[in-house]
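This is what each chain is made of:
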Amino acid sequence: MSKFDRKIPYNDLPLLPPKADIETKSILRKTISAGRALAQLNGTLLNLPNPTLFLDTIYLQEAKASSEVENIITTNDELYKSLVADRKIENSAIKEVLSYKEALWLGLEQLKKKPFITTNLCVSIVQCIKQHTASIRNTPGTTLSNTKGEVIYTPPSGEKVIREKLVNLETFINESENIDPLIKMALMHYQFEAIHPFSDGNGRTGRILLLLYLKLSGLLNTPAIYLSEYIIKHKADYYQKLRGVTENNKWESYILYMLDMIEETSSKGLERLNKITTTIATTANEIKTKLPKVYSKDLVEILFRLPYTKRRHLIDEHIGNPKTVGNYLQTLEENGFLKSVKVGKEKLYLNQRLLKILEEK
Ligand SMILES: Nc1ncnc2c1ncn2[C@@H]1O[C@H](COP(=O)(O)OP(=O)(O)OP(=O)(O)O)[C@@H](O)[C@H]1O
Ligand SMILES: [Mg+2]
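Residues numbered from 1 in each chain as written. Chains lettered and ligands numbered in written order. Predicted model: local features only at pLDDT ≥ 70, side-chain atom pairs only at ≥ 80, totals over all residues.

**What about the pairing of strand S4 (residues 339–343)?**
Then, number 1: Bridging between S4 and strand S5 (residues 346–350) involves 5 bridges; their strand directions are antiparallel. Note on S5: the bridge partner recorded for Lys 342 is Lys 347.
Then, number 2: If you look at the hairpin formed by S4 and S5, you'll find 2 residues sitting between the two strands, and Gly 344 has a positive phi there, around 60 degrees. (Pairing = 2+ DSSP bridges. Helix = DSSP H or I, 4+ residues; strand = E, 2+ residues; numbered from the N terminus.)

Given below as structure tokens:
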């Protein structure tokens, strides 16, 4: 292996699998605990009576957090409000968050048709994130800098080289079966980021690939986990670990970081999921007792699908005619279950209980 120079395109980036011990005792131990936390989350998700109920919310949360790594910031309230309101979205941060969510959906849909992670899949994802302005880099000049503006890494240059490395990555992901999938996930993530196939959006595409891989490997059937939250919290560490692999072949501490990400976000995800299911049950009971004429299971589910709702949502789900659902929403507000806000000419109803859970760190 030739010497690494952060200012020269790293065309010598070694192919996978790495020439290092990736199954040290610490790694194996952490793989077990991370795998256990993930399995608990997965089991709980599988046992939910209506697992798709929260998906929109969960994907949006992940999209928001992942975009935040790139400093695309929006508040939960603004995000959910603009999603439900009829008016056109002007805010570019919100647009990017929504494109990210779409990219995740697209990835999941493509996996259903073709259960492999491929270069083409990566390109479709980044195209969705960047609204069709990206493809494999074919001009030189991409560098990664730190916050002081110093170049810290120059990814491989030349479309042919990049494509060759991606083919190796693809083969590694889809074929090497003797490595634990969680360890493999960490390896593939480093490699993807180090190849850095696009001029922008590599981080976000790489994070979507993590979720797709968890699904593909059967470890998490519904990718209801906020990996990006962990990365935001330990961002400096994240960059440091990636550099450690490149500069000093320090795979172990990088892999441990990724495994800890899985463990922590799985436990937190499970906690949050339990909180949401308990809150749905409590709210349903309260409405049933206080407002038996308004109550229905379907109505309560709509209130928990996204933090904001409106008359149209209830009408579309056949809860009642416009007048009836208008009365329902008003009664729910009068009894403290919802809070109405005006957005333009529209009236939206906020479920504060749900928003509060989503905002908890
Ligand atoms: N030293 C490094 N070696 C390899 N990859 C790195 C290094 N430092 C950062 N990266 C990766 O590059 C990503 C940023 O690349 P890029 O700007 O193309 O992606 P993005 O999605 O627009 O941004 P972000 O990941 O910040 O949201 C980081 O998220 C990280 O995964
Ligand atoms: Mg970027």
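**Comments concerning the site of ligand 1**
Then, number 1: With respect to spatial proximity, 17 residues lie near ligand 1, and among them Glu 70, Glu 193, Asn 202, Gly 203 and Arg 204 are the closest.
Then, number 2: At the level of elements, strand S2 (151–153), helix H7 (181–195), helix H8 (202–216) and helix H10 (235–248) are the ones that each hand at least two residues to the shell around ligand 1. (Near = placed C-beta within 6 Å.)

**Description of the sheet that holds strand S3 (residues 308–309)**
Then, number 1: Taken in spatial order, the 3 strands make up an open sheet running S3-S5-S4, and their pairing is antiparallel. The outermost strands of the open sheet, each flanked by one partner alone, are S3 and S4.

**So, unusual backbone geometry**
Then, number 1: Across the junction of Leu 16 and Pro 17, the peptide omega takes the value 0 degrees, indicating a cis bond.
Then, number 2: The residue Pro 17 is located in the segment before helix H1 (25–47) in this model.
Then, number 3: You will see that Asn 71, though not glycine, has its phi angle at about 65 degrees, which is positive.
Then, number 4: Tracing the backbone shows Asn 71 in the loop between helix H2 (55–69) and helix H3 (76–84).
Then, number 5: Although it is not a glycine, Gln 131 sits at a positive phi angle of roughly 50 degrees.
Then, number 6: Mapped onto the fold, Gln 131 is located in the loop between helix H5 (119–129) and strand S1 (144–145).

**Notes on helix H6 (residues 159–175)**
Then, number 1: Between its first and last C-alpha atoms H6 spans 24 Å; for 17 residues at 1.5 Å apiece the expected length is 24 Å, and the two agree.
Then, number 2: If you check which residues of H6 are buried, you get Ile 162, Lys 165, Leu 166, Leu 169 and Ile 173. An end-on view of H6 places all buried positions within 100 degrees of arc, on one side of the element. Along H6, exposed side chains directed more than 90 degrees from the buried face belong to Lys 160, Thr 171 and Glu 175. (Expected span 1.5 Å × (residues − 1). Buried ≥ 20, exposed ≤ 12 C-beta atoms within 10 Å, placed from the backbone. Arc of directions from axis to C-beta.)

**Regarding the domain arrangement of the protein chain**
Then, number 1: The domain boundaries assigned to the protein chain delineate domain 1 (25–272) and domain 2 (291–359).
Then, number 2: Computed over C-alpha atoms only, the centres of domain 1 and domain 2 are separated by 33 Å.
Then, number 3: In this complex, domain 1 contributes 15 residues to the contact, which on the side of domain 2 involves 16 residues.
Then, number 4: Those elements that provide at least two residues to the side of domain 1 that touches domain 2 are H2 and H3.
Then, number 5: Element by element, the count of residues in the side of domain 1 that touches domain 2 is highest for H3, at 6 residues.
Then, number 6: Residues belonging to the side of domain 1 that touches domain 2 are distributed by class as follows: 5 nonpolar, 4 polar and 6 charged. (Domains from an automatic or database assignment. Contact = placed C-beta atoms within 7 Å. Nonpolar A, V, L, I, M, F, W, Y, C, P; charged D, E, K, R; others polar.)

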